[in-house]
Amino acid sequence: MRTSDGGHFQRFIERARLRDELVVQPRMGFGALPAMRAGLDAVAALPCKAIGTITLDSYTRVGDYASALRCLAEGQPLNGFPIVSHSVEAIRGMLDGLYGADFPIQVRHGTAQPQRVFQRIAELGLDATEGGPVSYCMPYSRLPLARAVEAWAESCRLFADASASAHIESFGGCLLGQLCPPSLLIAMALLEGLFFHRYGVRSVSLSYAQGTSMAQDLGALRALRELAGEYLGDGHWHVVVYSYMGVFPATLHGARALICDSARLARKAGCERLIVKTIAESRQIPSVADNLEALEMAARVAGETARDAEPAATGYYEEILFEARRLVDTVLDLHADLGEALTRAFARGLLDIPFCLHADNPGRATTRIDGEGALRWGNVGGLPLPRSSGLSSQGPGIRSAELFQMLHYTVSRYDQPLH
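Overview of the structure. (Residues numbered from 1 in each chain as written. Predicted model: local features only at pLDDT ≥ 70, side-chain atom pairs only at ≥ 80, totals over all residues. Heavy atoms only, no water.)

Per the secondary structure count, the protein chain includes 15 helices and 10 strands. Relative to a compact globule of 419 residues, whose C-alpha radius of gyration would be 22 Å, the protein chain shows 20 Å and is just as compact. Its C-alpha atoms give the protein chain principal-axis dimensions of about 60 × 55 × 45 Å. Out of the 419 residues in the protein chain, the part that is buried amounts to 60%. Considering only residue pairs separated by 6 or more positions, the protein chain has 73% of its internal contacts joining residues 24 or more positions apart. Surface exposure of the protein chain reaches about 16,000 Å², of which carbon and sulfur atoms provide 51%. Placing the 40 positive and 45 negative side-chain charges of the protein chain at their respective mean positions leaves the two points 1 Å apart. (Helix = DSSP H or I, 4+ residues; strand = E, 2+ residues; numbered from the N terminus. Rg over C-alpha atoms; globule rule 2.2 N^0.38 Å. Buried < 20%, exposed > 50% of the residue type's maximum accessible area, 1.4 Å probe, protein only. Contact = heavy atoms within 4.5 Å. Areas by Shrake-Rupley, 256 points an atom, 1.4 Å probe, with all protein chains shown as cover. Lys, Arg positive; Asp, Glu negative; His and termini not counted. Charge placed at Lys NZ, Arg CZ, Asp CG, Glu CD.)

And the structure:
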């Protein structure tokens, strides 16, 4: 196994960290080469520290390259970039003079079986992507988890063999994150990061989705950084925060406030990177202009925010640290092969994603939002956590009306009329 010294992506992050700057990044993808180039050009020209994104289309995500090709031939719009359908030469031409040390680009894809996507990323000489064997299987695919694990193991080996600087960001910290207690998000991000390591990818990032409570999120991010140091050591890793991944505010003031709070969260917690949503999120696929506005706003707010400790976060930190470490250690003890361990953990109910309908998810654990606005376990199901961790271990399940209220908890708070 080659030792990574970090590629364009990780080195860019590390340079920004030395300057104490938060790196901002959009979620952006267009089907046509000129539109994709124009979007990347616009992000590269921003005065803040920003990384480019190529988000893939829904056909490519499920391996339907023929439909993507047909859309390109007929001039029909796609909801992302068909990286496999465009030729290598055409994509290299699009990236020429743009991609490099001063402007890294990450490919984001949502694919449970990503071998062909990883092969194309390697052919293009790009060094960063994201996902994971669980986080890109459970919410997005009906593929059996064991097959997704095999596919991701093969993809990681392929990527690592192609580039010593290969970087993968675990999407585990965003796994239905709007209704998932932080300890499970952290555990999944760490387990996927370890999975990447064991299959040769030594440069990783760990994600965390902004939740329903700033204090809880600050405690969670403190726990994540501490555990990452324990499990991943002093190698190439960093933490990325996502602006809220659930139902987004419909009002301009609500959307702006939520985006700004995600920037404050990332800054206060000392995170290196922020995936930024836009004020148009609830209405349409964001335009380039929407993305630029959000990126500049987030960077400005982060620059105005001091790193400080919030006393209310300490209790959450201690609770989340205990729960996340218990979940990770339980899985690691199941089998020496981490892919097999992950499969066994879900089969035995030792990992369980609330409200996830995938056939391999046990579906016994639930979550509730408590009186302080924090995400807590409603029922821990078979998770290796104390029964006291659940707010209603012996109580009734979650009714549809309560689930609807939880899904709209954040939007209701942020869309309240201004006085």
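Summed over all chains, the structure comprises 18 salt bridges. Between Arg 325 and Glu 230 there is a salt bridge, with the nearest N and O atoms lying 2.6 Å from each other. Here the residue Arg 325 occupies a position in helix α12 (residues 313-332), and Glu 230 occupies one in helix α9 (residues 214-232), the gap between them amounting to 95 residues. (Salt bridge = Lys/Arg side-chain N within 4 Å of Asp/Glu carboxyl O.)

This next bit is on the side chain of Asp 352. Mapped onto the fold, Asp 352 is located in the loop between α13 (338-347) and β9 (366-369). Summary of buried charges: Asp 352 has no salt-bridge partner, and the nearest side chain of opposite charge, Arg 364, is 5.8 Å away. Only 2.9 Å separates the side chain of Asp 352 from the backbone nitrogen of Gly 363, close enough to count as a polar contact. Of the polar contacts made by the side chain of Asp 352, one reaches the backbone nitrogen of Ala 365; its length is 2.9 Å. With residues near it in sequence (within four places) discarded, Asp 352 still touches Leu 184, Phe 346, Asn 361, Pro 362, Gly 363, Arg 364, Ala 365, Trp 377 and Leu 383. (Polar contact = N/O pair within 3.5 Å; in protein donor to acceptor, adjacent residues only side chain to side chain.)

So, about the packing of aromatic side chains. Tallied over the full model, the rule gives 10 aromatic pairs. Ring centres of Phe 118 and Phe 159 lie 5.4 Å apart, and the angle between their planes is 85°; this geometry places the pair in the edge-to-face category. Remark: Phe 159 occurs in helix α7 (residues 145-162) and Phe 118 occurs in helix α6 (residues 115-124); sequence separation between them is 41 residues. According to the relative accessible area criterion, Phe 159 is buried, its value standing at 1%. (Phe/Tyr/Trp six-rings, centres within 6.5 Å; stacked < 30°, edge-to-face > 60°.)

With that settled, consider the side chain of Lys 277. Position of Lys 277 among the secondary structure elements: in the loop between β8 (273-275) and α11 (288-304). One buried charged side chain, Lys 277, makes no salt bridge at all; its nearest oppositely charged neighbour is Glu 281, positioned 4.6 Å away. Within the structure, the side chain of Lys 277 is placed 3.1 Å from the backbone oxygen of Tyr 244, a separation counted as a polar contact. Excluding residues that lie within four positions of it along the chain, Lys 277 makes contacts with Arg 27, Ser 243, Tyr 244, Met 245, Gly 246, Phe 248, Ile 259 and Ala 294.

What you see with strand β3 (residues 105-108) is no split at all: Ile 105 and Val 107 on one side and Gln 106 and Arg 108 on the other are buried throughout. Bridging between strand β2 (residues 52-55) and β3 involves 4 bridges; their strand directions are parallel. Bridge pairing links Ile 54 to Val 107 in β3. (Pairing = 2+ DSSP bridges.)

Turning to the nonpolar core, a few remarks are in order. If you look at the biggest cluster of nonpolar residues, it comprises 131 residues, and the most contacted ones within it are Ile 186 and Phe 195. In this structure, Phe 195 is in contact with Pro 133, Val 149, Trp 152, Ala 153, Cys 156, Leu 338, Gly 339 and Leu 342, ignoring residues within four places of it in sequence. (Core = buried A, V, L, I, M, F, W, Y, C linked by side-chain atoms within 4.5 Å.)

Before going further, it helps to examine unusual backbone geometry. Apart from glycine, the bulk of residues carry a negative phi angle, and the bulk of peptide bonds sit in the trans form. One non-glycine residue with positive phi stands out, namely Asp 20, at about 60°. With respect to the element layout, Asp 20 can be found in the loop between α1 (8-18) and β1 (23-25). What makes Asp 20 partly exposed here is its relative accessible area of 36%. Positive phi, normally seen in glycine, also occurs at Phe 355, with a value near 65°. Looking at the element boundaries, Phe 355 is found in the loop between α13 and β9.

Turning to helix α2 (residues 33-44), a few remarks are in order. Taking 1.5 Å per residue, 12 residues should reach 16 Å; α2 reaches 16 Å between its end C-alpha atoms and fits that length. Listing the buried residues of α2 in full gives Met 36, Gly 39, Leu 40, Ala 42 and Val 43. All buried residues of α2 fall inside an arc of 160° around its axis, so they share one side. On the buried face of α2, the contacting elements are β2, α5 (88-95), β3 and α11. (Expected span 1.5 Å × (residues − 1). Arc of directions from axis to C-beta.)

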